[in-house]
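# Structural characterization, general
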Amino acid sequence: MAETTAHAAETEHELRLRIQELEALLHSLRMRLPNPPPDAVRDLAASEERFALAVRGTNDGIWDWDIRTNKVFFSPRWKAMIGYEDEELPNEFSTFETRVHPEDHDRVMQAVNDYLYGPLERYAVEFRFQHKDGSWRWMLARGRALRDPDGKPYRMAGSHTDITEQKLAEEQLRHARLAAEAANRAKSAFLANMSHEIRTPMNGIIGMSELLLSTAMTPKQHEYLLMLKNSAESLLALLNDVLDFSKIEAGKMELDEQDFDLRHTIADTLLALGVRAMQKNITLRHKVAEDVPVMLLGDDGRLRQILINLVGNAIKFTDRGEIVVSVRIESRALDKTTLHFEIRDTGIGISAEVQGRIFDAFTQAETSTNRRYGGTGLGLAICRDLVELMQGRIWVESEPGKGSTFHFTAVFGEARHDSVEKPSAPSTGPLLGLAEKPMNVLVVEDGRVNQLVAAKLLEERGHRVQIASNGQEAVEAVRQENFDAILMDIHMPEMNGFQATAAIRQIEEKYGGHVPIIAMTANALKGDREQCVAAGMDDYVSKPIHSAELLHAVERFMHGRSAAPPRLEITGLPSVAARARKRVPPFKPEAFIAAAGGPEMARQLVAIYAEDSGRFLQEASAALAAGNSVALYEAAHALKGMLGVYTATRASETASHLCHLAQDGDLFGARALLEKLKKECSKLGTALAAIPLDASAGG
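Residues numbered from 1 in each chain as written. Predicted model: local features only at pLDDT ≥ 70, side-chain atom pairs only at ≥ 80, totals over all residues. Heavy atoms only, no water.

## Quick look at the side chain of Glu-680
Structurally, the position occupied by Glu-680 is in helix H22 (residues 667-690). Those residues in contact with Glu-680 that sit more than four places away from it in its chain are Arg-650, Ala-651 and Thr-654. (Helix = DSSP H or I, 4+ residues; strand = E, 2+ residues; numbered from the N terminus. Contact = heavy atoms within 4.5 Å.)

The following block contains the structure:
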C-alpha cells in the first residue's frame, strides 16, 4: 500500500512538471509566432484552457520561476493556500522568500542554491510558511530546473504541498511515543516496587511457616500451618506469573544460558508432575531421540517453565489415557541445534475457534461460567514469549474430544563442557542437623520479621549470626569483626545494600581480604543479578527465600569464596526424584519421628491415628453419599492436613486431589478417589503400627 501511494505521488509530481513544461512551450511559441494563423491561436487557447483547468484541479500550489528576471508565476491555488486572493500578492521571488519562517530561511535558500548550482540532484524541502492570518503552515516544496546547453539554469518550476496536518500528526505521534516510553519506565519501576512490597512480607510468612513446621505442635496446628504455607506459595506462584508476563511484555526478560543435561532436565521436570498424573491414573511418558545431544547450552530453567506449563495443562485437561513428551532434532547449523518438542495428550481437545487465540494473554481454552479447570490465562502467553526468546515458535494441533498436541521449537548451543554437575534442588521440608562447619554470618536487613527468619534458620544449622539493621551498621560491623559471609538486603534506610557493599570493598582494598556478600532482594526484574555482581557482590537470592535456598547460598562459601558449593545435609519430606526411582512407601518413619519432635510425640500420634483418620474418612463418605461437595472438601482437607503430620506423602497427595475434585463438583471422580484414599490410609495405619518407637528410634 505504501509503495502504491509513493508511486502515485511520484506520477502526480511528474504530471505537474509536464504541465509546467507545456506552459513554457506555449510561452515559447508566442515568442516565435508574433502573428500566428487563426488555427494556431485557437489551438493555443485550448491548450492554455486545459492547462488552467489542470492547475485549478490540483490541491497543490504551482509556481514557475524565471531565474533570469526573478519573476515568478504563482498559481491562484498557491496563494489561496496561505489565505490570499490571486491579485493580492505580486509575482516576484520576494513574495516567496519573505514568508519563509526565519528559522528555516537559510536552510531553504541553501537547498535552492545546492540544487541549481551544487551537488543536489533533486529539489525537495520542508519548511514553515506564513499564512495571511499570521499562523505558520508546513509546506513541502518540490521542483525541477530547465538548463541551457552549458548546464546553466534559466527556469525552475514546481509545487507547494500543505503538509501541516501530517506534521501535526507526526508531532502527536512523537509525544505519544515519548509518553508511552515514560509510562513503560514507570511501569517497570512500579513492578519493581510492588514486587518488593509483596515479596518482603511473603518472605516472613513462608520463612516463619517453615520454622514453625520444624517444631512440635498438635495435628490441627500442623494442618493450619500447612494451609498457610501452601496458600503463600500459591500466591507467590501467581505473582511470578504476572511478573513474568509483565517483564516479557516490557522487553525486560532475558535468558540465563548455561550448560545442562537435556535428558535430566526433562526427566526431573516430569517427575515433579508425575504425582498429579498418577492421581488421575494418567500415563506420563517421554522419549528423546538418540541423536539429540546430551549436553546443551541454554536456559534450562525457562525450558522447565515451558514444559511445566504445557504438561501441567495436559494433565489438567486429560481425564484418561496418556501424555507423551517427545523431543527430536528439527535442524542443525554450525554450533546451533534446533529441537522440536511435542506434548501430546488424550484430553478434551480444543476447538478451532479457540486455537486461534489460545496463546493470547488472559485467554483460556475452557471459558464457561461454571469453570472446572481454573487458571489465570497467562501460562500459554508466557510460553509463547519464552519460546520466541529461544528463537523458536509454538503452535497447537487439536480436535475437540480427541486430545491435543502442542509443538514448540527452541534453539540451543553446544555445551562448553563435556559434563556438568548441577546441585540437586534442596528440599523445603523441616530442617534438621547441623552444618558441616559453623560460620559467622552477618545478616543486614531492616525488616524485623526477615531478620528473625534468617537468623533462626542459620542458627538452627549451627551458624553464629549477627544482625545489622542498615548498611551503615553493616560497615561498622565489618570494621570490628571478620565474617564468613554477609546476607545483604538491597533496600534499606540510611545506606542501602549497594552503598554498603561499595564501602566494605573499599575497606578490603585497604586492609586486604574478601568477605562473600550475598544480595537479598524482593525485586524480580531484569538486570537485578547483573547489577548486584557489578556492585561487587558474590551471589544473589530473590525473596521470598526458602530455608534450603538461603542455607545453600550461604554455605556454598563455607570453605572459602572459590570453593565448590557443598551438598546440603537437609532432611525432610522425600524428594520427588526419590519417590520415582522406587515405589513410594506410605511414609518415612525417620522423617515422621523427626517431624514429631521425638519418639514420645510420635507414639501419641500413632495412638490417635486410627480414630482421627477413620472419623475424617467417615465424614467424607457421608458427604459423598449426600452429594454435598462442600462437606466433602472440608473432610478431605482436614484429612490432608492430618496426613501431612505423619509425613504420609502418598496419602496426603491423594487427599489433596480429592479436595480439588470436591471444589470442581466432580463427585463421580471423587467416589473412585475416596476408595483409593481409604486404601492408602489403611496402608499407613499398618506401617505406623509396625515402627519401633523406643528411645533410639528418633536418633
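Resuming the write-up.
## Thoughts on helix H13 (residues 471-480)
For H13, the set of buried residues is Gly-471, Ala-474, Val-475, Ala-477 and Val-478. Down the axis of H13, the buried side of the element spans an arc of 160°, and every buried residue falls inside it. In H13, the exposed positions that point more than 90 degrees away from the buried face belong to Arg-479 and Gln-480. In this structure, the buried side of H13 is in contact with strand E13 (440-444), strand E14 (464-468), strand E15 (485-489) and helix H14 (497-511). The N-terminus of H13 is capped by Asn-470, whose side-chain oxygen sits 3.0 Å from the backbone nitrogen of Gln-472. (Buried < 20%, exposed > 50% of the residue type's maximum accessible area, 1.4 Å probe, protein only. Arc of directions from axis to C-beta. Polar contact = N/O pair within 3.5 Å; in protein donor to acceptor, adjacent residues only side chain to side chain.)

## Side note on the environment of Ala-622
For Ala-622, the location among the structural elements is in helix H19 (residues 599-626). The exposure class of Ala-622 is partly exposed, given its relative accessible area of 47%. Put simply, Ala-622 and Leu-632 are 10 residues apart on the chain and 8.2 Å apart in space, counted from C-alpha to C-alpha.

## Re the environment of Val-478
If you trace the backbone, Val-478 turns up in helix H13. Separated by 30 residues in the primary sequence, Val-478 and Glu-508 have C-alpha atoms spaced 9.7 Å apart. Contacts of Val-478, omitting those with residues within four sequence positions, involve Leu-442, Phe-483, Ile-486 and Ile-504.

## A few points about the pairing of strand E16 (residues 517-521)
Of all 5 residues making up E16, 5 are buried, and the element is well covered by its neighbours. Neither face of E16 is left uncovered, since the one carrying Ile-517, Ala-519 and Thr-521 and the one carrying Ile-518 and Met-520 both have all their residues buried. The pairing of E15 with E16 spans 4 bridges and is parallel. Within the sheet, the bridge partner assigned to Asp-489 lies in E16 and is Met-520. The parallel pair E15 and E16 is bridged by H14, and the resulting crossover is right-handed. In the sheet, E16 pairs with strand E17 (residues 539-542) via 4 bridges, with the strands oriented parallel. Paired with Met-520 across the strands is Val-541, a residue of E17. (Pairing = 2+ DSSP bridges. Right-handed = clockwise from strand over helix to strand, strands pointing away.)

## A closer look at H14
Between the first and last C-alpha of H14 there are 21 Å, a value that for 15 residues agrees with the 21 Å anticipated at 1.5 Å per step. Within H14, the full set of buried residues consists of Gly-497, Ala-500, Thr-501, Ala-503, Ile-504, Arg-505, Ile-507 and Glu-508. The N-cap of H14, judged by a side-chain oxygen 3.0 Å from the amide nitrogen of Phe-498 a few residues on, is Asn-496. Gly-512 occupies a position one or two residues after H14 and carries a positive phi of about 90°. (Expected span 1.5 Å × (residues − 1).)

## Section: the packing of aromatic side chains
Under the criterion given, the structure shown has 12 aromatic pairs. Seen in terms of ring centroids, Phe-260 and Phe-412 are 5.9 Å apart; in terms of plane orientation they differ by 65°. Their pairing is edge-to-face. Of the two residues, Phe-260 is situated in strand E6 (residues 258-261) and Phe-412 in strand E12 (residues 404-414); the sequence distance between them amounts to 152 residues. Connected via pairs of aromatic rings, a cluster forms that spans Trp-65, Phe-74, Trp-78, Phe-93, Phe-96, Phe-127 and Phe-129. Between Arg-147 and the ring centre of Tyr-115, over which it is positioned, the NZ or CZ distance is 5.7 Å. Over the aromatic face of Trp-395 sits the side chain of Arg-393, whose NZ or CZ is 3.9 Å from the ring centroid. (Phe/Tyr/Trp six-rings, centres within 6.5 Å; stacked < 30°, edge-to-face > 60°. Lys NZ or Arg CZ within 6 Å of the ring centre and 35° of its normal.)

## Focus on the packing of H19 against helix H20 (residues 629-645)
Angle between the axes and distance between the axes are the two parameters that describe a pair of packed helices. Contact geometry of H19 with H20 gives a least axis separation of 8 Å together with a crossing angle of 160°. With respect to H20, the axis of H19 lies roughly antiparallel. Classified by chirality, the crossing of H20 by H19 is left-handed. Contact residues: Leu-605, Tyr-609, Asp-612, Ser-613, Phe-616, Leu-617, Glu-619, Ala-620, Ala-623 and Leu-624 in H19; Ala-631, Leu-632, Ala-635, Ala-638, Leu-639, Met-642, Leu-643 and Val-645 in H20. Class assignment for the residues of the contact of H19 with H20 results in 15 nonpolar, 1 polar and 2 charged. (Axes fitted to C-alpha atoms, helices over the stretch in contact; angles between N-to-C directions. Parallel < 35°, antiparallel > 145°, perpendicular 65-115°, else oblique. Left-handed = near helix turned anticlockwise from the far one by under 90°. Nonpolar A, V, L, I, M, F, W, Y, C, P; charged D, E, K, R; others polar.)

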